[in-house]
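Structural description and commentary
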Amino acid sequence: MIGPRQAGDRRSARRTLLPGLVVLGALFLPSSTAGSTGPTIKDETFVTAETGGLLHIEAGECFTDPAYSPEAGEVVVLYTPCKERAANQSYGFVHAPDGEWDPAALTVFARESCRRGFDGNWSGASASGLDFYPVMPTRKTWAGGDRDVMCVVYSPQGPMDGSALPMASW
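Predicted model only: the values in this text are computed from it and were never measured.

**Description of the state of the cysteines**
As used in these notes, a disulfide is a covalent bond between sulfur atoms, one from each of two cysteines. Tallying each qualifying case throughout the model produces two disulfides. Each disulfide pairs two cysteine sulfurs, and for C62 the partner residue is C82, the sulfurs being separated by 1.9 Å. Measuring the twist about the S-S bond at about 95°, one finds the C62-C82 disulfide to be right-handed. Of this pair, C62 sits in strand 1 (residues 62–63) while C82 sits in the loop between strand 3 (74–76) and strand 4 (88–95), and the two are 20 residues apart along the sequence. Residue pairing for C114: its cysteine sulfur links by disulfide to C151, the two sulfurs lying 2.0 Å apart.

Here it is as structure tokens:
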């Protein structure tokens, strides 16, 4: 028979171990695209201007989804040649107007601006299977003068087969 102290010790041990097991289990969960059965939806919160490696991506270049890098000690995106089935491709940058940090207004500006770029590059059949998302400045990068929004195209079904950009935009 378990006495009151022993039962309390077990509950305490479970409360102590459970958060660690949850964190440990999260390390082994698949990424947002790996092993998923449905489409992956990316939005303005998927990556930000503070995501490691993002500042090295130029318009037209492809890159990975964010993942933890033990070498970098943080979550990063990596440049990937588009022909190697990259997950994302930058298709342009827009400069947000100066002003006070206003995340709601910035989100509207970024979505509308990237939507115009998306619609200008892809229409009809060429847009089939593609979507876009903006990569926005954060409060911290905004305070440092960052006003650039990166517009990114991706396939919700998984990695793309080469560059998604239409030849006319090269």
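**Looking at the pattern of salt bridges**
The tally for this structure, following the rule as stated, stands at five salt bridges. Residues E44 and R111 are paired through a salt bridge, measuring 3.9 Å at the closest nitrogen-oxygen approach. Of this pair, E44 sits in the loop between helix 1 (4–27) and strand 1 while R111 sits in helix 2 (residues 103–121), and the two are 67 residues apart along the sequence. When its relative accessible area of 19% is taken as the criterion, E44 is described as buried. Note that D119 is salt-bridged to R115, the shortest N-O span being 3.2 Å. Linking D119 with R115, this pair stays in helix 2, spanning four residues, or about one helical turn. Accessibility expressed as a relative area gives 35% for R115, which makes it partly exposed.

**Regarding the pairing of strand 5 (residues 131–135)**
Regular strands show a simple pattern: their side chains alternate between the two faces of the sheet. In terms of residue burial, strand 5 counts as a mostly covered element, since four of its five residues are buried. With five bridges joining them, strand 5 and strand 6 (residues 148–154) adopt antiparallel strand pairing. Residue Y133 lies in a different strand from strand 6, and its bridge partner there is V152.

Rules used throughout
Residues numbered from 1 in each chain as written. Predicted model: local features only at pLDDT ≥ 70, side-chain atom pairs only at ≥ 80, totals over all residues. Heavy atoms only, no water. Disulfide = S-S within 2.5 Å. Helix = DSSP H or I, 4+ residues; strand = E, 2+ residues; numbered from the N terminus. Salt bridge = Lys/Arg side-chain N within 4 Å of Asp/Glu carboxyl O. Buried < 20%, exposed > 50% of the residue type's maximum accessible area, 1.4 Å probe, protein only. Pairing = 2+ DSSP bridges.

Without other data, these values stay purely geometric and don't point to any function.
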